[in-house]
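Here is how the chains run, residue by residue.
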Amino acid sequence: MRRTAHKQKTTRHRGAGQLRIIGGQLRGRKLAIADLAGLRPTTDRVRETVFNWLQFELAEQRCLDLFAGTGALGLEALSRGAAEVILLEQNKVAAELLRHHAITLNPVCHGQAQVQQTNALKWLQQSSVQPFNVVFVDPPFRSNLAGPACALLAQHGWLAEGALVYLETEKEWPLEVPANWQLQREKIAGQVAFRLFAVMAQGANT
């Protein structure tokens, strides 16, 4: 998890540490993390597992990182061949640093990253113009945002048929996901559960 609260008031721009890209074109690249209380990247161990799950699923795909934070998931997807990655981040300081990273990385990557400073749930209330193939849902810990985010993804056409949704929550979180999301992978690490779902056609057996 990257945060313990949805809004942060600390305003120092950077210096809280570094994020290391663990695979793909940018492997080994270190990126600054915004200095915000509770903001930290998904651990290398968890990311290694998640991107092993996704290793054949990212090339040329559209990806969405809903609660981007440090950018650990979205920028890792960019490094591994995604065609387009949209990173949503509500905090101004974190979003500015993510934009800086995108400007730096886009010219050397196959795909492109775009950062939007916005509330993820409000953003999802729009109607989708073009659905995503891979979506990362890793909201602040114990924020009660995972369920609403999953519902909005399904309701407003954000997911292509067969899309993959990575969901990271506290381990006791009830599986409040749409009926046509089929669980593919699941692991528990300490207090955190991380799962990968495939979006099936409506009415398909799960």
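Residue numbers here run from 1 along each chain, matching the order of that chain's written sequence. In keeping with the model being predicted, local features are shown solely for residues with a pLDDT of at least 70 and side-chain atom pairs are shown and tallied solely at 80 or more, while totals for entire chains, interfaces and linings include all residues. With hydrogens and water set aside, each side-chain value is computed from the structure's full complement of heavy atoms.

Novice: An account of the pattern of salt bridges is requested, with residue identities and associated values reported.
Specialist: A side-chain nitrogen of Lys or Arg and a carboxyl oxygen of Asp or Glu constitute a salt bridge if their distance falls within 4 Å. Taken as a whole and judged by the stated rule, the model has seven salt bridges. Residue D44 pairs with R20 through a salt bridge whose shortest N-O separation is 2.9 Å. With D44 in helix α1 (residues 44-53) and R20 in strand β1 (residues 18-20), this residue pair connects regions lying 24 residues apart in the sequence. Partly exposed describes any residue whose relative accessible area lies between the buried limit of under 20% and the exposed limit of over 50%, with all areas from a 1.4 Å probe on protein chains only and scaled to the type maximum. With a relative accessible area of 31%, D44 lands in the partly exposed category. Only DSSP runs of H or I reaching four residues or more are called helices, and only runs of E reaching two or more are called strands; each is numbered from the N terminus.

Novice: So, the nonpolar core: which residues are in play, and what are the values?
Specialist: Residues grouped as a nonpolar core are buried Ala, Val, Leu, Ile, Met, Phe, Trp, Tyr and Cys residues, joined through side-chain atoms within 4.5 Å. Core analysis: the largest hydrophobic core is formed by 41 residues, its most contacted members being F51, L54, C63, L75, A77, F136 and Y166. Breaking this core down by element, the ones donating at least two residues are α1, α2 (72-79), β4 (84-89), α3 (92-105), β5 (112-117), β6 (132-137), β7 (159-170) and β9 (192-199). Counting residues per element, this core draws most heavily on α3, at seven residues. Contacts of A77, omitting those with residues within four sequence positions, involve F51, L58, C63, A82, V85 and F136. L66, V137, A149 and V199 belong to the second largest nonpolar core, which has 27 residues in total. Working rule for contacts: check all heavy atoms of both residues, and any pair within 4.5 Å makes them a contact.

Novice: I'd like to hear about unusual backbone geometry, residue by residue, with values.
Specialist: Of note in this structure, R142 is not a glycine but carries a positive phi near 55 degrees. Mapping R142 onto the fold places it in the loop between β6 and α5 (146-155). Taking relative accessible area as the criterion, R142 reaches 44% and is therefore assigned partly exposed.

Novice: Talk me through the layout of surface pockets; I want residue IDs and the actual numbers.
Specialist: Here a cavity denotes grid points, spaced 1 Å and computed from the protein atoms alone, that fit a 1.4 Å probe unable to get out, and a pocket denotes an open set having protein on both sides within 12 Å along at least 5 of 7 lines; residues with an atom within 4 Å of a point are the lining. Grid points are joined across faces, edges and corners, and a volume is the space filled by probe spheres set on the points. Empty space within the largest pocket amounts to approximately 160 Å³. Along the walls of the largest pocket sit 13 residues, with R62, W123, V129, Q130 and W158 positioned nearest its centre. At the level of secondary structure, the elements contributing two or more residues to the lining of the largest pocket comprise β4 and β5. Counted by class, the lining of the largest pocket contains five nonpolar, six polar and two charged residues. Put simply, Ala, Val, Leu, Ile, Met, Phe, Trp, Tyr, Cys and Pro go in the nonpolar bin, Asp, Glu, Lys and Arg in the charged bin, and everything else, Gly too, in the polar bin.

Novice: A description of the sheet that holds strand β8 (residues 181-189) should follow, citing residues and the corresponding values.
Specialist: When DSSP locates at least two bridges between a pair of strands, those strands are taken to pair. If you trace the seven strands from one edge of the open sheet to the other, you get β5-β4-β3-β6-β7-β9-β8, paired in mixed fashion. Lying at the two open borders of the sheet, with one neighbouring strand each, are β5 and β8. Here the strands of the sheet are splayed against their neighbours by 15 degrees on average, with no regard to which way each runs. As paired elements, β4 and β5 share six bridges and run parallel to each other. Within β5, the position partnered with L88 by the bridge is Q116. Every axis in this analysis is a line fitted to C-alpha atoms, fitted for helices over the stretch in contact. Angles between the N-to-C directions lie between 0 and 180 degrees.

Everything listed here is a matter of geometry and, on its own, says nothing about what the molecule does.
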